[in-house]
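Architecture at a glance
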Amino acid sequence: MSIPESPNLRILVAEDHAINRHLAQRMLAKLGYTCDLAVDGNEALAALGRVPYDVILMDLDMPHLDGVEATRRIRALPGHAKTPRIIAVTANHSDKMRVICSAIGMDEFLGKPIIIEDLQGVLEGRRSPTAERRETLLRLRLEELEDIGDTAFVGELISIFRTETTQRLQQVGEALQKNDLAAAGRLFHQLQGSSANMGASEMHRVCTIGEEAAREGDALLVKGCQRLAEEEIPLVEAIYTEWGHRELL
Amino acid sequence: MKVLIVDDDLISQLVLKRTLEQSGHEVILTRSGTEALKAFQDDAISVVISDWRMPEMDGVELCQTIRSVRKMNYTYFILVSSTRLTPEKYAHAVGMGVDDFLLKPLNRDEVPVRLLVAERIINFTSEIKRLKTLLPICMYCKKIRDDGNYWQQIESYIREATGSNFSHGICPDCYTKIVEPDLRALNAIPAAAKA
């Protein structure tokens, strides 16, 4: 494996398990990076007070202060809304955990055991293979819809989806302000159906968790899902636009 | 077939409608259980495809209500969901009369095939119903008139219609009424005559 050109990132590994800590350190070394180590969220916060890290590899399941809570506290610090980049590391690969991580402000998600190529990709800021797979799925779905109807039919669906999605997410916001979680859940459910049909798989995932969170009364997670779904709009939009112009290319 | 779609999401409605029309079905769109029940008064509807989670009345409740409506022909009910159903929900839905399940996003190839199954089951149920309803039967010899206007022995009619075979025996009533007098008559004949 080639050594990255500018391995001058300041990296902190927060991990309670000694073997995993050692493993992460070795992997980073192999990729040409050095790192500092912390054994729990408290140590990670303290270390961040001393060194302005670029990246934290944050284990989610740690004693005293876990990765989720540590991230919440870091993101609440002045000037830390976006930096450092926080990478969730966890054996819990569930969709819900993924969404919770993004909702609290984590930037990336690595499943355990860590695969060195994935770690390298994340550190170099490369697009994750899952993101690429999602885009491929979306394009395939548009082709399928075109088969069901025709190009005009897909155009009609895209235009409805654009308007409705923005509107519904706005309504989720209004519902949240009124503390009406039932209404937010219904909206997420509708979005779930339309995004699935439109091939927007990440939006579908987020909305599924959003509906579940609304049913469980977790307003914070509902809010997080709303934000993530909003962030997903331009990504989906780009593919739709590209699809619309594909004949011209 | 005439298919009733129930979904509160416009995109899901449109995608399903197109898919069904492409395989030659006639489609009625509704947005809620209440609207669906109103449209369901149309006797020609043979399949209902309903979303599961809807405000007011959900898909399973709609199915339950539809099952309580008496109709000439069986209505095939397909429940659509955006997430996989838990085993409990699955069992509950089947118990309430749901025949089949589909998952969003609806697959272009899957939906028409499911409708073929629906059509087959609807045909079977109406066939059975036709068999069970009035059969013209001769009041004297008990022959049955079939579709081709031929009078058949009841055994051969049923064998042809259902594939059942008959083993002939004698019921106690007929034994008393027919067999016993015959036996008595036989015994009454002097032994010499028999020999």
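Every value quoted in this text rests on a predicted model; they were computed, and no experiment measured them. (Residues numbered from 1 in each chain as written. Chains lettered and ligands numbered in written order. Predicted model: local features only at pLDDT ≥ 70, side-chain atom pairs only at ≥ 80, totals over all residues.)

What to know about the overall build of chain B
For chain B, the helix and strand inventory stands at eight helices and seven strands. Its C-alpha radius of gyration of 27 Å places chain B more than 25% over the 16 Å reference for a compact globule of 195 residues. Considering chain B as a whole, with its 195 residues, one finds that 25% of them fall into the buried category. Taking the contacts inside chain B whose residues are at least 6 apart along the sequence as the reference set, 56% of them involve residues at least 24 apart. (Helix = DSSP H or I, 4+ residues; strand = E, 2+ residues; numbered from the N terminus. Rg over C-alpha atoms; globule rule 2.2 N^0.38 Å. Buried ≥ 20, exposed ≤ 12 C-beta atoms within 10 Å, placed from the backbone. Contact = placed C-beta atoms within 7 Å.)

Digging into the overall build of chain A
Across its full length, chain A holds ten helices and five strands. The principal-axis extent of the C-alpha atoms belonging to chain A is close to 55 × 45 × 30 Å. Long-range contacts, defined as pairs at least 24 residues apart, comprise 61% of the intrachain contacts of chain A with a sequence gap of at least 6.

Brief notes about the domain arrangement of chain B
Considered domain by domain, chain B is made up of domain 1 (2–132) and domain 2 (144–189). Computed from C-alpha coordinates alone, the two centres of domain 1 of chain B and domain 2 of chain B are separated by 45 Å. (Domains from an automatic or database assignment.)

Some details on the sheet that holds strand E4 (residues 76–81) of chain B
The pairing of strands in a sheet happens through backbone hydrogen bonds and is either parallel or antiparallel. Residue and element names in this part refer to chain B. Strand order in the open sheet formed by five strands is E2-E1-E3-E4-E5, and the pairing between neighbours is parallel. Two strands close off the open sheet at either side, each with one partner strand: strand E2 (26–30) and strand E5 (100–103). Along the sheet, successive strands turn relative to each other by an average axial angle of 20°, direction set aside. As paired elements, E4 and E5 share four bridges and run parallel to each other. (Pairing = 2+ DSSP bridges. Axes fitted to C-alpha atoms, helices over the stretch in contact; angles between N-to-C directions.)

Some words on the interface of chain B and chain A
Taken together, the contact pairs 19 residues of chain B with 22 residues of chain A. No other element matches helix H1 (residues 10–22) of chain B, which puts eight residues into the side of chain B that touches chain A. A class-by-class count of the residues in the side of chain B that touches chain A yields seven nonpolar, five polar and seven charged. (Nonpolar A, V, L, I, M, F, W, Y, C, P; charged D, E, K, R; others polar.)

A short note on the packing of helix H6 (residues 129–148) of chain A against helix H10 (residues 219–244) of chain A
Residues and elements named next belong to chain A. At a minimum axis distance of 11 Å, the contact between H6 and H10 shows a crossing angle of 45°. Compared by their axis directions, H6 and H10 come out oblique. Between H6 and H10 lies a crossing whose hand is right-handed. For the pair H6 and H10, the contacting residues are Glu135, Leu138, Arg139 and Leu142 in the first and Val236, Ile239 and Trp243 in the second. Taken together, the residues that form the contact of H6 with H10 break down as five nonpolar, no polar and two charged. (Parallel < 35°, antiparallel > 145°, perpendicular 65-115°, else oblique. Left-handed = near helix turned anticlockwise from the far one by under 90°.)

Some remarks on helix H2 (residues 41–50) of chain A
Residue and element names in this part refer to chain A. Along H2, the positions that sit buried rather than exposed are Gly41, Ala44 and Leu48. An end-on view of H2 places all buried positions within 55° of arc, on one side of the element. Residues of H2 that are exposed and angled more than 90 degrees away from the buried face: Ala46, Gly49 and Arg50. In the core, the buried residues of H2 are packed alongside strand E1 (11–14), strand E2 (35–38), strand E3 (55–59) and helix H3 (67–76). (Arc of directions from axis to C-beta.)

Focus on the domain arrangement of chain A
By a frequent convention, interface size equals the accessible area lost on bringing the separate parts together. Residue and element names in this part refer to chain A. Split into domains, chain A comes out as domain 1 (11–123) and domain 2 (129–244). For domain 1 versus domain 2, the separation of C-alpha centres amounts to 29 Å. Taken together, the contacts link seven residues of domain 1 with eight residues of domain 2. Broken down by class, the residue content of the side of domain 1 that touches domain 2 amounts to four nonpolar, one polar and two charged.

Some points on the pairing of E3(A)
Residue and element names in this part refer to chain A. For E3, the buried fraction is high: five of the five residues fall into the buried class. A two-sided burial pattern is seen for E3, the buried positions comprising Val55, Leu57 and Asp59 on one face and Ile56 and Met58 on the other. Handedness of the β-α-β unit built from E3, H3 and strand E4 (residues 85–90) comes out right-handed. (Right-handed = clockwise from strand over helix to strand, strands pointing away.)

Overview of the environment of Arg227(A)
Residues and elements named next belong to chain A. Residue position: Arg227 is located in helix H10. Residue classification places Arg227 among the partly exposed positions, given that 16 C-beta atoms sit within 10 Å. When the C-alpha atoms of Arg227 and Gly210 are compared, they prove to be 10 Å apart, with 17 residues separating the residues in sequence.

Overview of the sheet that holds strand E5 (residues 108–111) of chain A
Residues and elements named next belong to chain A. In space, the five strands of this open sheet follow the order E2-E1-E3-E4-E5, with parallel pairing throughout. For this open sheet the edge positions go to E2 and E5, each flanked by a neighbour on one side alone. Here the average twist between neighbouring strands, direction ignored, is 20°. Summarising the sheet, E4 and E5 pair through four bridges and their orientation is parallel. Within the sheet, the bridge partner assigned to Val89 lies in E5 and is Leu110.

Considering the packing of helix H8 (residues 181–197) of chain A against helix H9 (residues 201–215) of chain A
Residues and elements named next belong to chain A. The N-to-C vectors of H8 and H9 enclose an angle of 160°; their axes lie 8 Å apart at closest approach. Comparing the axis directions of H8 and H9 gives the class roughly antiparallel. The chirality of how H8 crosses H9 is left-handed. Contacts from Leu181, Ala184, Gly185, Phe188, His189, Leu191, Gln192, Ser195 and Ala196 in H8 reach Met203, His204, Cys207, Thr208, Gly210, Glu211, Ala214 and Arg215 in H9. In terms of residue class, the contact of H8 with H9 is made up of eight nonpolar, seven polar and two charged.

Quick word on helix H3 (residues 59–67) of chain B
All names here are of chain B. Taken together, the buried positions of H3 are occupied by Gly59, Val60, Leu62, Cys63 and Ile66. Projected down its long axis, H3 shows its buried positions confined to an angular sector of 155°, all on one face. Elements that come into contact with the buried residues of H3 comprise strand E1 (2–6), helix H2 (33–39), strand E3 (45–51), E4 and helix H4 (87–95).

Concerning the environment of Ala175(A)
Residue and element names in this part refer to chain A. Following the sequence through the fold, Ala175 ends up in helix H7 (residues 151–177). Classification of Ala175 as buried rests on a count of 21 C-beta atoms within 10 Å. C-alpha separation for the pair Ala175 and Val55, spaced 120 residues apart in sequence, amounts to 36 Å. With residues near it in sequence (within four places) discarded, Ala175 still touches Asp180, Ala183, Ala184 and Leu187.

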